[in-house]
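For reference, the chains in residue letters:
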Amino acid sequence: MRKSALGISAILGVALLFEPWWRRWRAERRLKELLEEHVGAEGRVVITGADRGIGKELARLLRHSRVSLLLGCLSTSAAEAGSDAKTAISNLELLDFDSVQRFAEEAHEFLREGKPGLRMLVNNAGYKERHEGDRTKYGTGRTWQINFLGPFLLTEFLARRRERDEVQYPASVINVASGHESESNLNKVLLDSLEAGVEATGHDYADSKRALLLWTSVRSQSLALKGELYAHAVSPGKVDTRFGCDEVPDLLWFLSKPVRMCLFRTTAEGALSIAAAGLRQHATSKFGQYFRGEELVEDLVVWRMPEKRLSVQLVRWAARASALEPRSGGRPLDIGGRSLSVSDLLVEQGEEDRWSSAERRWSSVSNLSRQVSEEILILPARISGIRWLAIRLRERLLRWLPF
Ligand SMILES: NC(=O)c1ccc[n+]([C@@H]2O[C@H](COP(=O)([O-])OP(=O)(O)OC[C@H]3O[C@@H](n4cnc5c(N)ncnc54)[C@H](OP(=O)(O)O)[C@@H]3O)[C@@H](O)[C@H]2O)c1
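Residues numbered from 1 in each chain as written. Predicted model: local features only at pLDDT ≥ 70, side-chain atom pairs only at ≥ 80, totals over all residues.

Q: For this particular structure, what's the right way to read the pairing of strand β4 (residues 119-123)?
A: Strand residues, when the strand is regular, have side chains that alternate between the two faces of the sheet. Counting buried positions over the 5 residues of β4 gives 5, a clear majority of the element. Side-chain alternation along β4 places R119, L121 and N123 on one buried face and M120 and V122 on a second face that is also buried. As paired elements, strand β1 (residues 43-48) and β4 share 4 bridges and run parallel to each other. Directly across from V45, in β4, lies its bridge partner M120. Taken together, the 4 bridges between β4 and strand β5 (residues 171-176) define a ladder with parallel strand orientation. Of the residues in β5, the one forming a bridge with V122 is I174. (Buried ≥ 20, exposed ≤ 12 C-beta atoms within 10 Å, placed from the backbone. Helix = DSSP H or I, 4+ residues; strand = E, 2+ residues; numbered from the N terminus. Pairing = 2+ DSSP bridges.)

In structure tokens, the structure reads:
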């Protein structure tokens, strides 16, 4: 009896140890399948923040396919390690709008050339400030600038260049968001204080990631129609990278590896969820979709409609703060060919509050509890590697769970 208990524990222990590698292998295999299906004659992908973490892993996995890469990195030397002839590395400092504009020009040339096939821009670079630090030279906080204003300028500027040059290949834009956006308190008052330069939201990371979604919701139609840029957003889940943990001592980081491996997704899984959003049949025919992993969780254009007033104010602020118009020849922003105006705002403030925050947060809480319940219940099947059993259980649970 004791012996068999020991045997079972040993098997479970070994299975637990190998489970992250198994997940990693599965993610790599799935990405290969998607690439086979969707790359076409020649793929071209631009990734920001590819010198470590999820961006670096995504670049590594894409290198094995018919995809050429343009990597925008703060530290080009770190990104150069392991690069090859199909990879161009360019300096990109999201804290500097001139650098963003230069990179957008490069990205434009890169995406419009080559044979037909996959074209994708991944706004991956991100930052999470632990304590309120210095302002950038433009007067905003670093987190806001790196997570929202930089990607905003890069994408909007690129769309204008593409429209002017009448590009022939449509491209997708994948904005890397975060599940933390549901903790955001971003509202008109906060946005007013951001505009006035009195920034003290206390939730800069969550707020800036929510801003990414609101911008996508309100601008994706215009970006698609005018610039052939189909913007989507993805939340990669909790991934085992050093993101936001730079202050953790190296030794502690090293020692916590086994726990992190069990609790968090591997970088390959994170990279897969980001790439999958652009490697779909409708990646360049639909716009404004929000994915968690490979699952579509929201149509941002519809779901965030009640927040349109806030989104429009946000976009106007971002355009002013990044000097988008002067940089792109003084052309105003528009939605579907019409200028943004107050008459575009169909919702009242009360309606916005009632819907946007409560509804979205509830859906995010119930999604999370649903995911956790599912994961716990199917863990034995996942560990033992019995895939069909895990799938069956998941199907059953989906019918069962009350939320
Ligand atoms: N890890 C997670 O659990 C998780 C969860 C949800 C969402 N995300 C999102 O996923 C994305 C990638 O995260 P990660 O986990 O891979 O983080 P990471 O390992 O910290 O990588 C972040 C990347 O962004 C780059 N970056 C930071 N500041 C920059 C700047 N001023 N200009 C240009 N590049 C800059 C970094 O470059 P340096 O290395 O040179 O600083 C790095 O390459 C982020 O947008 C993050 O918000 C991550």
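Q: Can you help me understand the nonpolar core in this one?
A: Grouped burial of nonpolar side chains is what soluble globular proteins tend to show. Formed by 82 residues in total, the largest nonpolar core has its most connected members in L58, V122 and I274. Broken down by element, this core gets its largest block of residues, 10 residues, from helix α5 (residues 142-165). Among residues more than four places away in sequence, those in contact with I274 are I54, L58, V122, N124, I174, V176, V234 and P236. (Core = buried A, V, L, I, M, F, W, Y, C linked by C-beta atoms within 7 Å. Contact = placed C-beta atoms within 7 Å.)

Q: Looking at this structure, I do not really get the site of the ligand. What am I missing?
A: Neighbouring the ligand are 25 residues; G49, G53, G126, T241 and F243 lie closest to it. In terms of residues, the shell around the ligand owes the most to one element, helix α2 (residues 53-63), which gives 3 residues. For the shell around the ligand, the residue count by class is 12 nonpolar, 8 polar and 5 charged. (Near = placed C-beta within 6 Å. Nonpolar A, V, L, I, M, F, W, Y, C, P; charged D, E, K, R; others polar.)

Read these as geometric descriptors, not functional statements.
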